[in-house]
Amino acid sequence: MRPGTPGFNGERLKAAREARGLSATGLSEIVGVTKSAISQYERGEQTPSPLVLKGIAERLNLPQHFFTKPSLKSTSTIFYRSFSSALKSSRTRAERRFEWLQEIVTFLKSQLDFSALNIPYVKRTPLEIVAITPDEIEELATSTRRALGIGDGPIKNVVRLLENQGVVITRHYLDSEKLDAFSNWSDGDDTAFIVLGSDKKSAVRSRFDALHELAHLILHRELDESFFKDRERFRIIESQADRFAGAMLLPTRTFLGEVASLTPEALLSLKERWGASVGLMIKRCEAVGLISEERLQLLWISISKRGWRKWEPLDSEIPVEEPQFLKRCFELLFSERIVDAGSLTSFLPWSIAEIEDLAGLEAGSLHQAPLDDVLPRLRLYTDE
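These figures come from a predicted structure and were not determined experimentally. (Residues numbered from 1 in each chain as written. Predicted model: local features only at pLDDT ≥ 70, side-chain atom pairs only at ≥ 80, totals over all residues. Heavy atoms only, no water.)

## Overview of the packing of aromatic side chains
Line of reasoning, step 1. Counted by the stated rule, this structure contains 12 aromatic pairs.
Line of reasoning, step 2. Between Trp100 and Trp350, the aromatic rings sit 5.7 Å apart at their centres with planes inclined by 45 degrees, giving tilted as the arrangement. Here Trp350 lies in the loop between α17 (341-347) and α18 (352-358) and Trp100 lies in helix α5 (residues 88-111), a separation of 250 residues in the sequence. The exposure classification of Trp100 matches that of Trp350, with both residues buried. (Phe/Tyr/Trp six-rings, centres within 6.5 Å; stacked < 30°, edge-to-face > 60°. Helix = DSSP H or I, 4+ residues; strand = E, 2+ residues; numbered from the N terminus. Buried < 20%, exposed > 50% of the residue type's maximum accessible area, 1.4 Å probe, protein only.)

Structure representation (structure tokens):
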């Protein structure tokens, strides 16, 4: 009888393969077994021999005990900017790695008391959600600002603001120009996640992405993925999220009160203060009816001639907002002697480098000594 591996979880193998962007054929070739064998392992019809498992683990850069852990897979909707078939492989890879991030957060929650989530939630039927008007979106943005206590001025740090409300945010390389960010409610414990792409280095666009995803978390929780197969409905909810993000970043009364003139240079002068792109400012002026169609076209032509459509002045100078919450969680684990870097991988089935990457931490940060001033709580930020 061919020796196998007791407790081997085929779903874990499939998740690991997809997280590494490999097909069953690709994995079979680098491991030295048949594609049929890989498929049988994944379906649970066979288990690999200890020698084959060792090879799989080495090729996928994962510890062998990863493959004997139970699966943890979210069934709630993940919100993307695009469901194009061309992005399917990138989405699959991102989703698998997101499942791993959820496991990390589940572990952290088992050891630490997280602050309660404090974001609004619009509970309506799918058809009611589609019927929400732009004016209602504007009102929702205003009420959300009030709920978060930020008034009508510029948001100093969007990521810090959302992390302080209990949203778990990380930044990953998403390996796609069209996959800027995504968000999800985890099943069971009402954890809200936002994953931001690290592919693009524009701080103002990333701030918009974070608030776009916040809109999905607030407005679209009741929608399942089948809802997005209708292109018109998908366009509507994306438009809603864009409108919400624009209204959050650039409140009508205060922002428009600072617009001296509708020229690229005048709008650029407001970019650093408001943390928003010139392109978004133009769209915002259009959304609230401040600009005529003719003037709008001339303004976009002027922007295009300057080459600002893809990259604007100050894009490389305004610092990208980096998530800090998960880093602080690990610092607290270490400072409270709950766990250390040496034993962490016995609880989480990845290398330290992989854990850092999944949690959006700077490489090597989990090997560093914990901060002396970490407090035994997790609400560590202020927006002052």
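## Here's the deal with the pairing of strand β2 (residues 168-172)
Line of reasoning, step 1. Within β2, 5 of the 5 residues are buried, leaving the element largely enclosed by the surrounding structure.
Line of reasoning, step 2. The side-chain alternation of β2 yields two buried faces, one formed by Val168, Thr170 and His172 and the other by Ile169 and Arg171.
Line of reasoning, step 3. Of the strand pairs in this sheet, β2 and strand β4 (residues 192-197) are connected by 5 bridges, and their pairing is parallel. From the neighbouring strand, Val168 faces β4, where its bridge partner is Phe193. (Pairing = 2+ DSSP bridges.)

## Overview of the sheet that holds strand β3 (residues 181-185)
Line of reasoning, step 1. On the basis of which strands lie adjacent, the open sheet formed by 4 strands has the order β1-β3-β4-β2 and mixed pairing. The sheet is open, and its two borders are formed by β1 (78-79) and β2, each paired with just one other strand.
Line of reasoning, step 2. Alignment of β3 against β4, held across 5 bridges, turns out to be antiparallel. Looking at β4, one finds that Asn184 is bridged to Phe193.

## As for the side chain of Arg207
Line of reasoning, step 1. Along the chain, Arg207 turns up in helix α9 (residues 203-219).
Line of reasoning, step 2. Look at Arg207 and you get buried, because its relative accessible area is 4%.
Line of reasoning, step 3. Beyond its immediate sequence surroundings of up to four residues, Arg207 is in contact with Ile155, Lys156, Asn157, Val158, Leu249, Trp274, Gly275 and Glu321. (Contact = heavy atoms within 4.5 Å.)

## Quick notes on the packing of helix α10 (residues 231-249) against helix α14 (residues 278-287)
Line of reasoning, step 1. α14 packs onto α10 with a crossing angle of 100 degrees between their chain directions and a minimal axis gap of 10 Å. When the interaxial angle is binned, α10 and α14 end up roughly perpendicular. Across from Arg243, Gly246, Ala247 and Leu249 in α10, the residues of α14 making contact are Leu280, Arg284 and Ala287. (Axes fitted to C-alpha atoms, helices over the stretch in contact; angles between N-to-C directions. Parallel < 35°, antiparallel > 145°, perpendicular 65-115°, else oblique.)

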